[in-house]
Amino acid sequence: MWLSDEALRHLREVADLPDLSGTPYDIVEAIGRGGMGTVYLAHDRDLDREVAVKVIQLPEEDGELSERMLREARILARLEHPGIVPVHDVGTLPDGRVFYVMKRVRGSRLDEHAPTASLPERLRIFQRICEAVAFAHAHGVIHRDLKPENVMVGTFGEVLVMDWGVAKILTPRPPLLPGLRPAHTPQPGEGEKTGREERGVTGHGTILGTPGYMAPEQARGEVERIDERTDVYALGAILSFLLAREQPAPRPLESIRRRAMAEEPDGRYPNVGELAEDLSRYLAGMAVLAHREGLLERTGRFVRRYRTPILLILAYLLMRTILLFVFGR
């Protein structure tokens, strides 16, 4: 029986769909693929809504990817923030593959959205990214793979930091209520691999991070040195991406970027909050801590910040001068 190329392609796609029998989810189509799994659009029959289902791409023997997938789902579940996609469910397919269900995010990736956005809009998006990352840090979680491709910009202005699959846990999660403790308290660094992954490589040979966005200590595999400042470096690289269209970029923003991306962690902002505050100073027309202003820059910033009252004063003085000239003769 002869089949067209289109029919063969459709059959391959159907054959690749995961078997979610026994769950309330019906797969619609694949909407994204990554190094660890595939994300599918699905319909939740119980609640009659669209959801996203992330599934490991292929069955495995050692269970390493399943462990990482479960770990990612648990990290997302503990990070309840508007800028971090929420997890609804987790489970195992009949073939043993792990999956988890999360909110369906509509929009575009930051690398797709940024080219058409104005500089102020790009900077506001960057602030929202910083808020989500700072929240994660406050809960002892380091992302380790921040990049434009891992940020979604929703159709209604939502900004979500995605893909926490290689996140590092720095501190245990605190008890939910005074006097109560969870059945199992994660220890600092729990979930970190040993051997090759401790050197910055997983058992599957994948570097934990993305070249161009990894801090030097992360690229060298120095796991013990990874902390909040590692994500600060990646945020600086994202800011660099967002400023690439500006020729030249405003000098205060360039100074913020350079400090965030300092070679040594001690030269960077000590935390994401201080990075975000410096950016807020720039947007408010105030002096940026990372940038030493010259006299001309200080004067120009003052004029831009108080442009309206300065123009009103100048208009008043001009009118007074005209009136004195006309009626003083």
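Quick caveat, the model's predicted, so the values are computed rather than measured. (Residues numbered from 1 in each chain as written. Predicted model: local features only at pLDDT ≥ 70, side-chain atom pairs only at ≥ 80, totals over all residues. Heavy atoms only, no water.)

Visitor: Break down the side chain of T23 for me, citing the residues and quoting the values.
Guide: By secondary structure assignment, the location of T23 is in the loop between helix 1 (5-16) and strand 1 (25-33). T23 gets classed as buried once you look at its relative accessible area, which sits at 14%. In terms of polar contacts, T23 uses its side chain to reach the backbone carbonyl oxygen of L20, at 2.6 Å. Once residues lying within four places of it in the same chain are set aside, the contact partners of T23 are R45 and F99. (Helix = DSSP H or I, 4+ residues; strand = E, 2+ residues; numbered from the N terminus. Buried < 20%, exposed > 50% of the residue type's maximum accessible area, 1.4 Å probe, protein only. Polar contact = N/O pair within 3.5 Å; in protein donor to acceptor, adjacent residues only side chain to side chain. Contact = heavy atoms within 4.5 Å.)

Visitor: Outline the packing of helix 6 (residues 228-243) against helix 7 (residues 251-260), listing residues and values.
Guide: With their axes 8 Å apart at the nearest point, helix 6 and helix 7 run at an angle of 150 degrees to one another. In this structure, helix 6 crosses over helix 7, and the sense of that crossing is left-handed. Residues V232, Y233, G236, L239, S240 and L243 of helix 6 touch helix 7, and the partners they reach there are L253, I256, R257 and A260. Grouping the constituent residues of the contact of helix 6 with helix 7 by class yields seven nonpolar, two polar and one charged. (Axes fitted to C-alpha atoms, helices over the stretch in contact; angles between N-to-C directions. Left-handed = near helix turned anticlockwise from the far one by under 90°. Nonpolar A, V, L, I, M, F, W, Y, C, P; charged D, E, K, R; others polar.)

Visitor: For the pairing of strand 2 (residues 37-44), give the residues involved together with the corresponding values.
Guide: Burial analysis of strand 2 places seven of its eight residues in the buried class, the great majority of the element. The sheet contact formed by strand 1 and strand 2 spans seven bridges and is antiparallel. Pairing of A30 across the sheet is with Y40, part of strand 2. In this structure, strand 2 lies alongside strand 3 (residues 49-56), joined through eight bridges in antiparallel fashion. (Pairing = 2+ DSSP bridges.)

Visitor: I'd like a rundown of helix 6, residues and numbers included.
Guide: Look at helix 6: 23 Å from first C-alpha to last across 16 residues, which is about the 22 Å you get at 1.5 Å a residue. Counted residue by residue, helix 6 has twelve buried out of 16 residues, so it is predominantly covered. Those residues of helix 6 lying buried are T230, D231, V232, Y233, A234, L235, G236, A237, I238, L239, L242 and L243. Residues of helix 6 that are buried in the fold lie against helix 3 (110-113), helix 4 (119-138), strand 7 (141-142), helix 5 (216-219), helix 7 and helix 8 (272-283). (Expected span 1.5 Å × (residues − 1).)

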